[in-house]
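Spelled out from the first residue to the last, the chains are:
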Amino acid sequence: MVMTCENCRCSLKFGQAVMHTFLLHSTKVCPNCGARQYPTRKSQQRSIMLSLTAFLFFLFIVEAFEVRLVYSLIFAGFILFVTAVINPLFIQLSNEEESMW
Ligand SMILES: [Zn+2]
């Protein structure tokens, strides 16, 4: 189950959730009831941690194996894709906007 609207309890389709991640929208509009939904502070922190981990993992692999530029770009694309797919699984939505920290 991904990104459930707190207002009407319907969940976003996985594809929509992934698109939101790609577009880096912090505000989501529920496709069912039209209510604005915001990621909770906890899930914002989790998605930052996820991106950071992915980035460090990328740096480690590229450095450790001295990956060529072309391959590291492909690898970066792959990491970005995986992160965008995993990210929505960690996001919880709330009716109220919370600041990041
Ligand atoms: Zn809704």
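Notes on the structure in this doc start here.

**Quick word on the overall build of the chain**
On a plain count of helices and strands, the chain comes out with three helices and three strands. Oriented by its inertia axes, the alpha-carbon framework of the chain measures out at about 50 × 30 × 20 Å. For the chain, buried positions account for 13% of its 101 residues.

**Examining helix α2 (residues 41–64)**
Spanning 24 residues, α2 covers 34 Å between terminal C-alpha atoms, matching the ideal 34 Å at 1.5 Å per step. Positive phi shows up at Glu66, right after α2, with a value of about 45 degrees.

**Details of the environment of Tyr38**
Inspection of the secondary structure puts Tyr38 in strand β2 (residues 36–39). On a C-alpha basis, the gap between Tyr38 and Ser94 in space is 5.3 Å, while along the polypeptide they are 56 residues apart.

**Focus on the nonpolar core**
The biggest cluster of nonpolar side chains holds seven residues, and these are Met3, Cys5, Leu12, Ala17, Cys30, Ile91 and Leu93. Residue contacts for Met3: discarding those within four places in its chain leaves Ser11, Leu12, Ala17, Lys28, Pro88, Ile91 and Leu93.

**Remarks on the environment of Asn32**
Relative to the assigned elements, Asn32 resides in the loop between β1 (28–29) and β2. Ignoring any residue separated from it by four or fewer positions in sequence, one finds Asn32 in contact with Cys5, Cys8 and Cys10.

**Focus on the packing of α2 against helix α3 (residues 69–86)**
Across the interface, α2 lies against α3 with an axial gap of 10 Å and an inter-helix angle of 155 degrees. On the basis of their axis angle, the class for α2 and α3 is roughly antiparallel. Considering only the axes of α2 and α3, their crossing is right-handed. For the pair α2 and α3, contact is made by Leu50, Ser51, Ala54, Phe58, Ile61 and Val62 and by Ser72, Phe75, Ala76, Ile79, Thr83 and Ile86, respectively.

**Points about the environment of Phe14**
Position of Phe14 among the secondary structure elements: in helix α1 (residues 14–23). Look at Phe14 and you get partly exposed, because 14 C-beta atoms sit within 10 Å. Between the alpha carbons of Phe14 and Arg41 there is a distance of 21 Å; along the sequence they are 27 residues apart. Dropping the residues within four chain positions of it, Phe14 is found in contact with Val2 and Pro88.

**Thoughts on the sheet that holds β2**
To summarise the sheet geometry, strands pair through backbone hydrogen bonds and adopt either a parallel or an antiparallel arrangement. The strand order β1-β2-β3 describes an open sheet built from three strands, whose pairing is antiparallel. Edge strands, defined here as strands with exactly one partner in the open sheet, are β1 and β3 (93–94). With two bridges connecting them, β2 and β3 associate as antiparallel partners. Residue pairing in the sheet places Pro39 in a bridge with Leu93 of β3.

So, how was this worked out
- Residues numbered from 1 in each chain as written.
- Predicted model: local features only at pLDDT ≥ 70, side-chain atom pairs only at ≥ 80, totals over all residues.
- Helix = DSSP H or I, 4+ residues; strand = E, 2+ residues; numbered from the N terminus.
- Buried ≥ 20, exposed ≤ 12 C-beta atoms within 10 Å, placed from the backbone.
- Expected span 1.5 Å × (residues − 1).
- Core = buried A, V, L, I, M, F, W, Y, C linked by C-beta atoms within 7 Å.
- Contact = placed C-beta atoms within 7 Å.
- Axes fitted to C-alpha atoms, helices over the stretch in contact; angles between N-to-C directions.
- Parallel < 35°, antiparallel > 145°, perpendicular 65-115°, else oblique.
- Left-handed = near helix turned anticlockwise from the far one by under 90°.
- Pairing = 2+ DSSP bridges.

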